[in-house]
Amino acid sequence: MRRWKDIAAVVALMMLIAACGGGGGSSETTTGGGTDTTQGSTDTTQGATETTGGSGEKVTVRWFIGLGAGGQPEQEAAQRAVVDEFNASQDEIELVIEIVENDVAYETLATQIASGNAPDIIGPVGRDGSNEYAGLYLDIEPLIESTGVDTSMWEEAAIENQRESDGTLVGLPFASYPSVMYFNRDLFDEAGLPYPPQEYGPDGTAVYGEGTEYEGPWDYDKVAELAQILTVDANGVDATDPAFDRTNTVQWGFHWQWTTRVFQNGAYWGAGYPVADDGSADIPTAWEEEWTWWHDAIWNLGISPSQEQMDAIGDNVFQTGNLAMATTHLWYTCCISDEANDIVGDFWDFAVVPAHNGNVTANMHADTFRILASTKVPEEAFRTMYYLLTDAALPLLTAYGAAPADPALTDAFIASLEGRYPQGVNWQVALDGAAFADDPSHEAAVPGWGEYKVRLAELESAILSDPALDVATSIADVEEDLTLIFEQNAD
């Protein structure tokens, strides 16, 4: 847990500096070669003008990317194009970007904040990425009022969702990533199986294989049943056969594609909050059930890849074409095709998210941009952020694979995705899934958010790596450790 304690310490230091009247983010920008404040960066702000406010000079606004989407090559290209267009469109602000690898982005930003060299804008970022810096964001409501910008394109409820618990408004709606089931048409065709359902029922639940021998509720029991047929070893034996060799698997039936964090995949079985009223840890029952099911799927049924298997084939399992079903978010459209490696990625479609115990939970991610309160140029930063949310929204949303918060952009967004994936994807499935978003969110803040994630990452690693894991005992240990974390970080 040391890593997250260090982050918390430097963020706390920054808050102390601010409280004592210390300066905000430095106007200096990093240059090629970087410093400790941009460790891990894949881009720099080389050549940017310092924010000195001198006559005729452009004011520099720094945009930090890495806490969420934005690190894929095609995303980087779209972001740079947006920056170039913005800078060419006016002569008052020079927007510069810092793209940092996700695995070091949190530490990098925390170090920048603590050293007084914080960027102005961060994002795209969701609840998860922003929880680490709660209390350090600019309240933009006064700027909305003073500038008179138009916010009517967004639903009032969506705007209110950007408020912090203290009432400050720290963002405006931008992107949403509903969950779907991605499925491989080719593998279903090869196995002679009906496709998964592509329409939610009135209560969300759907029926698989109506009128066929496979007919039944579309739930995770059905997923496991189909996944056994669709999981195949190197000898062509599927997982329904006692002769199946899970140590020599070449095709899997199901995987949590880039959603293996246990508080995330657990929530697909039912939304919940892991903190009891008395402040102790209380893991939702649905999460416990999913963790047990997932461990069994890996080690007993063999239908889902283990960590060792992913180490061998890469963690982008669905992209290989050797995975039949994957529950994940709309943002995964970013990464199915790979032009550099001649991967077309036209073998898939969307299905609805399966139910658990008769209920559908389609986890939702939502990203936006935020301004750090330490900025020395709040008006320019807000003007820039508003540009990203409006004029630049469509190219950025397309690159991120995110559904727009502005309904007027939905048709153009879908058209852009169809241009990239012309095989006939049922995009409506993703839009409909928003009605079944997890509430409370699996990313709802808990005391000691960083330490909480680290402890649950240890459980994730054990599920993926230890065939003899006693899941029930591990859950009890997790609850004990989380209770201590919550108590130590309680307000």
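These remarks concern the structure in this document. (Residues numbered from 1 in each chain as written. Predicted model: local features only at pLDDT ≥ 70, side-chain atom pairs only at ≥ 80, totals over all residues. Heavy atoms only, no water.)

On to helix α17 (residues 471-489), then. Because the α-helix completes a turn every 3.6 residues, residues three or four places apart line up on one side. With 19 residues, α17 extends 26 Å from end C-alpha to end C-alpha; this agrees with the ideal 27 Å at 1.5 Å per step. For α17, the set of buried residues is Val-471, Ser-474, Ile-475, Val-478, Leu-482, Thr-483, Ile-485 and Phe-486. Each element contacted by the buried residues of α17 is listed here: α10 (285-299) and α16 (449-465). A distance of 3.3 Å separates the backbone nitrogen of Ala-472 from a side-chain oxygen at the start of α17, and that oxygen is part of Asp-470. (Helix = DSSP H or I, 4+ residues; strand = E, 2+ residues; numbered from the N terminus. Expected span 1.5 Å × (residues − 1). Buried < 20%, exposed > 50% of the residue type's maximum accessible area, 1.4 Å probe, protein only. Contact = heavy atoms within 4.5 Å. Polar contact = N/O pair within 3.5 Å; in protein donor to acceptor, adjacent residues only side chain to side chain.)

When charged atoms on two side chains of opposite charge get close, those side chains can pair. Within the structure shown, the criterion is met by 15 salt bridges. With a shortest N-O distance of 2.6 Å, Glu-98 and Arg-62 are connected by a salt bridge. You can see Glu-98 sitting in strand β2 (residues 93-99) and its partner Arg-62 sitting in strand β1 (residues 59-65), a full 36 residues away along the chain. As far as burial versus exposure is concerned, Glu-98 and Arg-62 are alike and both buried. When the shortest N-O distance is used, the salt bridge between Arg-455 and Glu-458 registers 3.3 Å. Separated by three residues within a single helix, Arg-455 and Glu-458 lie in helix α16, roughly one turn from each other. With relative accessibility at 10%, the residue Arg-455 sits in the buried group. When salt bridges that share partners are traced, they join Asp-128, Arg-261, Glu-443 and Lys-453 into one network. (Salt bridge = Lys/Arg side-chain N within 4 Å of Asp/Glu carboxyl O.)

This part is about the nonpolar core. Among the nonpolar cores identified, the biggest contains 128 residues, and Trp-63, Trp-291, Met-325, Trp-348 and Phe-350 are the most heavily contacted of them. Discounting chain neighbours no more than four positions away, the residues touching Phe-350 are Val-180, Met-181, Tyr-182, Phe-183, Gln-198, Leu-330, Thr-333, Val-425, Asn-426, Trp-427, Val-429 and Ala-430. In terms of nonpolar packing, the next biggest core, distinct from the first, is built from 16 residues, Tyr-106, Leu-109, Ile-113 and Tyr-133 among them. (Core = buried A, V, L, I, M, F, W, Y, C linked by side-chain atoms within 4.5 Å.)

Relative to the helices and strands, Ser-130 resides in helix α4 (residues 127-131). Of the residues examined, Ser-130 reaches a relative accessible area of 3% and is grouped as buried. If we ignore the near neighbours within four places in the chain, the residues touching Ser-130 are Val-125, Tyr-137 and Arg-370.

What follows deals with the packing of aromatic side chains. Within this structure, the stated rule accounts for 35 aromatic pairs. Here the aromatic rings of Tyr-220 and Trp-256 are separated by 5.7 Å at their centres, their planes lie at 40 degrees, and the arrangement is tilted. Of the two residues, Tyr-220 is situated in helix α8 (residues 220-230) and Trp-256 in the loop between β9 (249-255) and α9 (262-265); the sequence distance between them amounts to 36 residues. For the residue pair Tyr-220 and Trp-256, the accessibility class agrees, reading buried in each case. Consider the rings of Trp-348 and Phe-350, whose centres lie 5.3 Å apart with planes at 45 degrees: the pair is tilted. Residue Trp-348 shares its accessibility class with Phe-350, and that shared class is buried. Here the aromatic residues Tyr-182, Trp-258, Phe-318, Tyr-332, Phe-347, Trp-348, Phe-350, Tyr-421 and Trp-427 are joined through ring pairs into a cluster of three or more. Just above the ring of Tyr-137 sits the side chain of Arg-370; from NZ or CZ to the centre is 4.8 Å. Above the plane of the ring of Tyr-106 lies Lys-453, whose end atom (NZ or CZ) is 4.9 Å from the centre. (Phe/Tyr/Trp six-rings, centres within 6.5 Å; stacked < 30°, edge-to-face > 60°. Lys NZ or Arg CZ within 6 Å of the ring centre and 35° of its normal.)

What follows is about the environment of Lys-376. Inspection of the secondary structure puts Lys-376 in the loop between β14 (365-371) and α12 (378-389). Residue classification places Lys-376 among the exposed residues on the basis of a relative accessible area of 55%. When the C-alpha atoms of Lys-376 and Pro-119 are compared, they prove to be 9.8 Å apart, with 257 residues separating the residues in sequence.

This paragraph deals with unusual backbone geometry. The peptide bond linking Gly-123 to Pro-124 adopts the cis configuration, its omega dihedral lying at 5 degrees. Residue placement: Pro-124 occurs in strand β3 (residues 121-125). The omega angle of the peptide bond from Asp-439 to Pro-440 is 5 degrees, so this bond is cis rather than trans. Looking at the element boundaries, Pro-440 is found in the loop between α15 (428-433) and α16. In this model, Asn-357 sits at a positive phi of 55 degrees, which is unusual for a non-glycine residue. Owing to a relative accessible area of 63%, Asn-357 belongs among the exposed residues under this scheme.

Here strand β11 (residues 348-351) shows two buried faces, one formed by Trp-348 and Phe-350 and the other by Asp-349 and Ala-351. Of the strand pairs in this sheet, strand β5 (residues 179-184) and β11 are connected by four bridges, and their pairing is antiparallel. In the strand pairing of β11, Tyr-182 is matched with Phe-350. (Pairing = 2+ DSSP bridges.)

Examined against the element boundaries, Phe-486 turns out to sit in helix α17. As for Phe-486 and Ala-281, which are separated by 205 residues in sequence, their C-alpha atoms are 7.4 Å apart. In this structure, Phe-486 is in contact with Pro-274, Val-275, Gly-279, Ser-280, Ala-281, Val-446, Pro-447 and Tyr-452, ignoring residues within four places of it in sequence.

Let us now look at the packing of helix α2 (residues 73-89) against α12. Viewed as axis vectors pointing N to C, α2 and α12 meet at an angle of 125 degrees, and their least axial separation amounts to 11 Å. In this view, α2 runs oblique relative to α12, as classed from their interaxial angle. Pair α2 / α12 crosses with right-handed handedness. Within the contact between the two elements, α2 uses Val-82, Glu-85 and Phe-86 and α12 uses Thr-384, Tyr-387 and Leu-388. Residues of the contact of α2 with α12, tallied by class, amount to four nonpolar, one polar and one charged. (Axes fitted to C-alpha atoms, helices over the stretch in contact; angles between N-to-C directions. Parallel < 35°, antiparallel > 145°, perpendicular 65-115°, else oblique. Left-handed = near helix turned anticlockwise from the far one by under 90°. Nonpolar A, V, L, I, M, F, W, Y, C, P; charged D, E, K, R; others polar.)

Let's shift gears to the packing of α16 against α17. Taken N-terminus to C-terminus, the directions of α16 and α17 make an angle of 170 degrees; their axes are 10 Å apart at the nearest point. Taken together, α16 and α17 sit at an angle that is classed as roughly antiparallel. Residues Glu-451, Tyr-452, Arg-455, Leu-456 and Leu-459 of α16 lie in contact with α17, whose contacting residues are Ser-474, Asp-477, Val-478, Asp-481, Leu-482, Ile-485, Phe-486, Gln-488 and Asn-489. Classifying every residue of the contact of α16 with α17 by side-chain character gives seven nonpolar, three polar and four charged.

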